[in-house]
Amino acid sequence: MSITRPLLDTPFIRRSNHLRTFITASWLGWQIESNWADPFLFAVYSIVRPVTSVLILVVMYSVITNGALQEPIFAYIYLGNALYILVGQVITGVSWSVIDDREHYRTLRQLYTTPMDGYSYLMGRGVARLIIGLISVLITIGFGMVAFQLPISIGTIDWLMLVISTVLGVLSLAAIGMVVGSLTLMLARHFWSLGDAISGALYLFTGAIFPLDVLPAWLRPIGFAFPVTYWLELARRAILGPNAAKFPTLSGFSDLELTGILAAITLALLVFSWFFYRWALHRAKENGIFDMETSY
Amino acid sequence: MDTNLAIQTKDLGRVYRLRGPKRKGDAKQLVALDGVNLEVRRGELFGLLGPNGAGKTTIIKILATLLLPTSGSALVEDLDVTRDVQEIRRRISMVSGGETSGYGLLTVEENLWMFARFYGLDNVTARKRIDSLLEVVGIADRKRTKISDLSTGLRQKMNFVRGFISDPNVVFLDEPTLGLDVTAARDVRGFVKQWMHDHPDRTVLLTTHYMAEADELCDRLAIIDRGKLLACDSPHSLKHRLQQDAIFNLKVGPLGPRPSRDAMIEAVPGVRQATVVEQNGHTELNLILAQEDVLSDVLAHLTRRGSSLISLEKREPTLEDVFIDLVGRRLDVDTSHHAEGEHAAG
Ligand SMILES: Nc1ncnc2c1ncn2[C@@H]1O[C@H](COP(=O)(O)OP(=O)(O)OP(=O)(O)O)[C@@H](O)[C@H]1O
Ligand SMILES: [Mg+2]
């Protein structure tokens, strides 16, 4: 409450239902995500788990390539996977709270009889996982630099491009999370995380682990439609510099063009998710499954 | 439109589609509300009384903008529940009894504070309200306790407080005392009465199973069963309808197996309603008779069935009797119960 209180009392924020809801929901999300009785558990979930999943990949890679960790492709794969942590965290972070609130905390009906804005609420609930995800990404990349001498030098990183592309990437992921959350709102019975499923399914299509060119031509459009593809490419260019150009997929596009495409897809997704959320809410209220619990 | 009405429904209907085995074309439907016309005046403490599955929660959900009606319309403070959702939510609150939900890792204060924020309260007002409400319901000492560490009853009280934190115009209480012990239930009823007394222009719509609660609290109440509104009046007037009737509680020897329809107690001329509950060793009869002298025919009937009178009591009509008279069965009796009146009605 300590930082949130004065923030919420600034007149500008207090007057905007969206901002107020967003900040309050972020606060709630953070209480939930960071409230590990045991800091050790927190460390395991946010640090050890992502690092080990990347390590598994490193082992597989070095077995297949006979330990060619100096090849540019290694840095490409390593960075792609480190950044991909955010995909699952943001999509699930935004969407999972529907199930959490409906079935675990059983607060969905309490929340939706207040005038808070549901869209901003779900977005806010995703912030905590985003923060944890960002920490995981930084730690994973740092670990790679130390343990595998990834060719990254802090001084040559294009920070502006990194930040812009990551902001856009995260926004587009949040929009996808909203769509997933909206779908969840309409589904009465639902035990597993649709968000995790989607981020898992798209893993192969975003250039996280190999350039899209490896895929058969008819599968590539999936990757080109998914904003993560452009975000990963831009982030890798920003971090690796000219090294990143060794990968063919999007090399025909300039940084600016890629940023433009990413921005356009992100905007489209945000607009779509906003309408989709309204529609899903309406459907859920229509079908009487809005605050239904799975155990009903 | 009448500005003196806090709640108004017109032919309100709600049908649920039941999702059974996935066969297209024969989706089963359940009529939860059937042409309900309800008018609750501003300042009223209004009760919805009805057995399980009557549709009470469905009405509340529709009025609280959580569920869309399938037919008819509903207004809360003259705002349409399907169109003016945001504006309605600013003015209402809803608490369900037996609601032990909440973010377990937040403290009581944090949880209430969060809801106050969703209602747009500023920090100072929020804290003041939280403190005074917790004080009133007697859990001020638990302000800093995590919700997960609260007993179910205390959690329910906290949720109850949440319903008043925004100083709402219309409060929906869905079985607010469900599962509470006697003292806690009395606290909650006391709070509602006091709040209504202090805020005479506010409205409370309350559902309950408990006749005594409805009788004690409500200015007016509606009796609903199977989605239909059967009566709507003050508890006093409802009971007054039965004033001419004679109401008896009889304890008699075992009645034996259920007889055929025309040999039932209801078949005795002048018996308006009868409920029969088998206890171990004896049978309890609750009779509503058109006149007192029907009683001798009833006793003759019992003798014919080989039963004998153990005790007899004439009493004033209660809401329970009103309910039995209207619905044909007791409120606390499940549809599956083996009361004769039940079978006669169904
Ligand atoms: N989401 C739903 N889907 C299908 N049927 C439903 C749903 N919600 C309620 N029902 C059915 O609608 C009817 C009315 O339910 P409702 O919850 O309004 O009753 P109630 O009067 O509140 O009962 P109770 O006293 O048990 O709380 C019941 O038969 C119930 O099974
Ligand atoms: Mg109910």
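Every value quoted in this text rests on a predicted model; they were computed, and no experiment measured them.

A. Examining the overall build of chain B more closely. Helix and strand content of chain B: 11 helices and 14 strands. With respect to the three principal axes, the spread of C-alpha positions in chain B is 75 × 50 × 45 Å. For chain B, long-range pairs separated by at least 24 residues make up 71% of all intrachain contacts whose partners lie at least 6 apart in sequence. Entry remark: accessible area of chain B is about 15000 Å², with carbon and sulfur atoms responsible for 47%. Each charge class in chain B was averaged separately, 46 positive and 49 negative side chains, and the resulting centres sit 7 Å apart.

B. Broad picture of the site of ligand 1. Asn52(B), Gly53(B), Lys56(B), Thr57(B) and Thr58(B) are the nearest of the 17 residues found near ligand 1. At the site occupied by ligand 1, nearby residues are drawn from chains A and B. Asn52(B) is positioned such that a nitrogen or oxygen atom in its side chain is 2.8 Å from an oxygen atom of ligand 1. Gly53(B) has a polar backbone atom sitting 2.8 Å from an oxygen atom of ligand 1. In isolation ligand 1 has 640 Å² of accessible area, and contact with the protein removes 77% of it. For the shell around ligand 1, the secondary-structure elements that each account for two or more residues are strand E1 (5-18), strand E2 (28-41) and helix H1 (56-63) of chain B.

C. A look at the interface of chain A and chain B. Contacts between chain A and chain B engage 40 residues on the former and 40 residues on the latter. For the pair chain A and chain B, the number of links is zero salt bridges. The interface formed by chain A and chain B contains 12 residue pairs in polar contact (both at pLDDT 80 or more). Listing elements by their share of the side of chain A that touches chain B, those giving two or more residues are helix H1 (4-9), helix H3 (17-34), helix H6 (108-112), helix H7 (118-148) and helix H12 (255-287) of chain A. Per-element tally for the side of chain A that touches chain B: the top contributor is H3(A), with nine residues. The residue makeup of the side of chain A that touches chain B, split by class, is 16 nonpolar, 13 polar and 11 charged.

D. Examining the nonpolar core more closely. Counting 171 residues, the largest nonpolar core has Trp231(A) and Phe172(B) as its most contacted members. Residue contributions to this core peak at 16 residues, all from helix H5 (residues 72-104) of chain A. Beyond its immediate sequence surroundings of up to four residues, Phe172(B) is in contact with Ile7(B), Ile60(B), Leu63(B), Ala64(B), Val76(B), Ile92(B), Ser93(B), Met94(B), Val95(B) and Leu205(B). Counting 17 residues, the second-largest nonpolar core is a separate cluster that includes Val271(B), Ala274(B), Leu289(B) and Val294(B).

E. Summary view of the domain arrangement of chain B. Domain boundaries assigned for chain B yield domain 1 (5-239) and domain 2 (244-316). Look at where the C-alpha atoms of domain 1 of chain B and domain 2 of chain B centre, and you get two points 39 Å apart.

F. Highlighting the packing of aromatic side chains. Under the criterion given, the structure shown has 19 aromatic pairs over all chains. Between the aromatic rings of Tyr121(A) and Phe118(B), the centroid separation amounts to 5.8 Å while the plane-to-plane angle is 65°, which identifies the pairing as edge-to-face. Taken together, the positions of Tyr121(A) in helix H7 and Phe118(B) in helix H3 (residues 108-118) put the pair across two chains. Judged on exposure class, the residue Tyr121(A) and its partner Phe118(B) are both buried. Ring geometry for Phe276(A) versus Trp279(A): centroids 5.7 Å apart, planes at 40°, classification tilted. Of this pair, Phe276(A) and Trp279(A) are both found in helix H12, three residues apart, which corresponds to roughly one turn of the helix. Taken together, the ring pairs connect Tyr61(A), Phe74(A), Tyr78(A), Phe143(A) and Phe148(A) into an aromatic cluster. In this structure, Arg236(A) is placed above the aromatic ring of Tyr76(A), and the distance from its NZ or CZ to the ring centre is 3.6 Å. Its end group placed over the ring of Phe115(B), Arg162(B) keeps NZ or CZ at 5.3 Å from the ring centre.

G. Here's a closer look at the pattern of salt bridges. Summed over all chains, the structure comprises 31 salt bridges over all chains. Across the salt bridge formed by Asp255(A) and Arg237(A), the nearest N and O atoms sit 2.8 Å from each other. A residue pair is termed long-range when its members are at least 10 positions apart, and Asp255(A) in helix H12 and Arg237(A) in helix H11 (residues 227-240) qualify at 18 residues. Connected through shared salt-bridge partners, Arg42(B), Glu77(B), Glu87(B), Arg90(B) and Arg91(B) make up one network.

H. Quick look at the side chain of Ser136(A). Along the chain, the position of Ser136(A) falls in helix H7. If near-sequence neighbours (up to four positions away) are discounted, Ser136(A) is found in contact with Ser46(A), Pro50(A) and Ile85(A).

Criteria and thresholds
- Residues numbered from 1 in each chain as written.
- Chains lettered and ligands numbered in written order.
- Predicted model: local features only at pLDDT ≥ 70, side-chain atom pairs only at ≥ 80, totals over all residues.
- Heavy atoms only, no water.
- Helix = DSSP H or I, 4+ residues; strand = E, 2+ residues; numbered from the N terminus.
- Contact = heavy atoms within 4.5 Å.
- Areas by Shrake-Rupley, 256 points an atom, 1.4 Å probe, with all protein chains shown as cover.
- Lys, Arg positive; Asp, Glu negative; His and termini not counted.
- Charge placed at Lys NZ, Arg CZ, Asp CG, Glu CD.
- Near = heavy atom within 4 Å.
- Polar contact = N/O pair within 3.5 Å; in protein donor to acceptor, adjacent residues only side chain to side chain.
- Salt bridge = Lys/Arg side-chain N within 4 Å of Asp/Glu carboxyl O.
- Nonpolar A, V, L, I, M, F, W, Y, C, P; charged D, E, K, R; others polar.
- Core = buried A, V, L, I, M, F, W, Y, C linked by side-chain atoms within 4.5 Å.
- Buried < 20%, exposed > 50% of the residue type's maximum accessible area, 1.4 Å probe, protein only.
- Domains from an automatic or database assignment.
- Phe/Tyr/Trp six-rings, centres within 6.5 Å; stacked < 30°, edge-to-face > 60°.
- Lys NZ or Arg CZ within 6 Å of the ring centre and 35° of its normal.

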